[in-house]
Each structure stands twice: as C-alpha cells, then as structure tokens.
Amino acid sequence: MEEIEVPMEHLNEKINEEAKEGGNKGTMVIALSTAFMAVFAAIAALLAGHHSNEAVIKQIESSDKWAQYQSKSIKSEIANSTNKILTTLSITPETKEKKEAVAEELFKKMEKYEVEKEEISKEARGLETDAKAHLDRHVTLSKAVTIFQIAIALSAISILTRRRWLWFGSLGLSAAGAVFLILGAI
C-alpha cells in the first residue's frame, strides 16, 4: 500500500504570503493554526503508512504460515497413504516385524504433523488478526489525514476570502481530525 501524501505545500506558501502582506494579527493566527494542521496531517500520514506496511507484512507472514500448514498436510497425507499401501501388501514372516515398525513410525509422524498443523494454524490466525488490526488503524489514520487536508484548505480559503467563519470551520475539522489521529494512534 502506498504512503499517504499531504500535498498542501502550495497552500501553506500562499497563507504565509497573505500573512506577510496582510500583516494583521488575525491572519498570522490563522497561518499558524494552519501550519499546526499540516504538522498533524503529516504525523497522521506517517502513522497511516506505517500501519499499512505492517498490515502487509503480517498478511505475508500469515500466508507463509498457511503454506507451512499445507506442507504438513501433504506430508501427513503421504504418510497415511504409505501406511495404507503397507497394510494392503502381503505379509510374510520376514517382513511382518519390519512392516509393523514402519507402520508405527508412520503413525507417529502423522500424529506429529497433526499437532504441528494445529500450532501453525493458530499462529497463522493470530497473524491474520494482527494484519486486520493494523489495517483498521491505517483506515482510521487515513480519515484523520483527509480531515486535516480539508481543514487546511478551508483555512487557506478563509485567509484568501477574509471569512473568519471558514477558519472556525477548519478548527472544528481539525478537532475531528485530532480525534481520528488519537483513535488511530492508540
């Protein structure tokens, strides 16, 4: 999965230009708040990318475990088939003991494979659960990034149009973005 980018540099530059030109304190406060929004968006994007990567890694590890599980299943089936073949062969006094020893060894291998398969299955399911948890956090953090980006855009518009109510809207969105950031980070 790709990292989330925050393409807001041009807006921040425009806000800074307006703040320098306007020179009033209100514009400077809006510009500073917008800069903080950009910082939080970058943090959320970084965390979202991390959890996306972790989800992929855990899913790959889980797939590896399921491949190992299949390998044990095949080995168990081969041992079972070999045992069946041995039992259908004619028994002579010379081969009876050897045949019984081989059958016992194959039976132990089959039991061992079944125990190993159960352990591998538990590990694979645990890794799948971890992957899903990371993916859920990625989605939550991606929502935070999106909300922060919208807040930054609103803040820029508020400076350009000199509409203070848009800035308050951007602050409200930033609060919502902060909630998603916190939920994704914990």
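Here goes a summary of the coordinates provided. Within any chain, residue numbers begin from 1 and follow the written order of that chain's sequence. With pLDDT at 70 or above as the cut-off, local features in this predicted model cover only qualifying residues; side-chain atom pairs require 80 or more to be listed or tallied, and sums for whole chains, interfaces and linings still use all residues. Note: side-chain values were computed over all heavy atoms of the structure, leaving out hydrogens and water.

### A word on the pattern of salt bridges
Reasoning step 1: Only one rule defines a salt bridge in this text: a Lys or Arg side-chain nitrogen within 4 Å of an Asp or Glu carboxyl oxygen. Inspection of the entire model under this criterion finds 6 salt bridges.
Reasoning step 2: Between Lys109 and Glu105 there is a salt bridge whose closest N-O contact spans 4.0 Å. Residue Lys109 and its partner Glu105 are located together in helix α3 (residues 93–161), separated by 4 residues, close to a single helical turn.
Reasoning step 3: Owing to a relative accessible area of 36%, Lys109 belongs among the partly exposed residues under this scheme. Secondary structure is summarised from DSSP: a helix means a run of H or I of at least four residues, a strand means a run of E of at least two, and numbering begins at the N terminus for each. Between buried and exposed lies partly exposed: a residue is buried under 20% and exposed over 50% of the maximum accessible area for its type, with that area taken using a 1.4 Å probe on protein chains only.

### Quick notes on the nonpolar core
Reasoning step 1: Here, nonpolar core refers to any group of buried Ala, Val, Leu, Ile, Met, Phe, Trp, Tyr and Cys residues whose side-chain atoms link them within 4.5 Å. Counting residues in hydrophobic clusters, the biggest one holds 13 residues, and the most contacted among them are Ala44, Ala144, Phe148, Ile152 and Leu181.
Reasoning step 2: Residues are treated as being in contact if the distance between any of their heavy atoms lies within 4.5 Å. Leaving out residues up to four positions away in the same chain, Ala144 has contacts with Ala44, Gly177, Phe180 and Leu181.

### Looking at the packing of aromatic side chains
Reasoning step 1: Between 30 and 60 degrees the pair is tilted, below 30 it is stacked and above 60 it is edge-to-face, where a pair is any two Phe, Tyr or Trp rings, Trp via its six-membered ring, whose centres lie within 6.5 Å. Applying the stated criterion to the full structure yields 3 aromatic pairs.
Reasoning step 2: An angle of 25° between the planes, with centres 6.0 Å apart, marks the rings of Phe40 and Phe148 as stacked. Remark: Phe148 occurs in helix α3 and Phe40 occurs in helix α2 (residues 25–88); sequence separation between them is 108 residues.
Reasoning step 3: Measuring from ring centre to ring centre gives 5.2 Å for Trp167 and Phe168, while their planes differ by 45°; the resulting arrangement is tilted.

### A look at a nonpolar patch on the surface
Reasoning step 1: Only residues whose relative accessible area exceeds 30% and that form no salt bridge are eligible for patches; like-charged ones are grouped when within 9 Å, while nonpolar side chains (Val, Leu, Ile, Met, Phe, Trp, Tyr) are grouped when within 5 Å. Accessible surface area values rest on a Shrake-Rupley calculation with a 1.4 Å probe, where residue burial reflects the displayed protein chains alone. Taken together, the side chains of Met28, Leu32, Phe36, Val39, Phe40 and Ile43 define a hydrophobic patch exposed on the protein surface, amounting to about 550 Å² of accessible area.
Reasoning step 2: Judged by its relative accessible area of 37%, Phe40 is partly exposed.

### Re unusual backbone geometry
Reasoning step 1: Here the phi dihedral of Arg162 falls at roughly 60°; this positive angle occurs in a residue that is not glycine.
Reasoning step 2: Its place among the elements puts Arg162 in the loop between α3 and α4 (164–185).
Reasoning step 3: Owing to a relative accessible area of 54%, Arg162 belongs among the exposed residues under this scheme.

### Re the side chain of Lys117
Reasoning step 1: Mapped onto the elements of the fold, Lys117 is located in helix α3.
Reasoning step 2: Looking at Lys117, the relative accessible area reads 11%, which means it is buried.
Reasoning step 3: Once residues lying within four places of it in the same chain are set aside, the contact partners of Lys117 are Tyr69, Lys72 and Ser73.

### Observations concerning the packing of α2 against α4
Reasoning step 1: In this analysis an axis means a line fitted to C-alpha atoms, helices contributing only their contacting stretch, and an angle means the value between N-to-C directions, from 0 to 180 degrees. The interhelical angle for the contact between α2 and α4, taken along N-to-C directions, is 25°, at an axis separation of 10 Å. The orientation of α2 relative to α4 falls into the category roughly parallel. For α2 against α4, the interelement crossing comes out left-handed. In this structure, α2 contributes Gly26, Val29, Ile30, Ser33, Met37, Phe40, Ile43, Ala44, Leu47 and His51 to the contact, and α4 contributes Arg164, Trp167, Ser170, Leu171, Ser174, Leu181, Gly184 and Ala185.
Reasoning step 2: Gly counts as polar in this scheme, as do all residues outside two lists: the nonpolar Ala, Val, Leu, Ile, Met, Phe, Trp, Tyr, Cys and Pro, and the charged Asp, Glu, Lys and Arg. Classifying every residue of the contact of α2 with α4 by side-chain character gives 11 nonpolar, 6 polar and 1 charged. Working rule for angles: under 35 degrees goes down as roughly parallel, over 145 as roughly antiparallel, 65 to 115 as roughly perpendicular, anything else as oblique. Here a crossing is called left-handed whenever its near helix is offset anticlockwise from the far helix by less than a right angle, and right-handed whenever the offset is clockwise.

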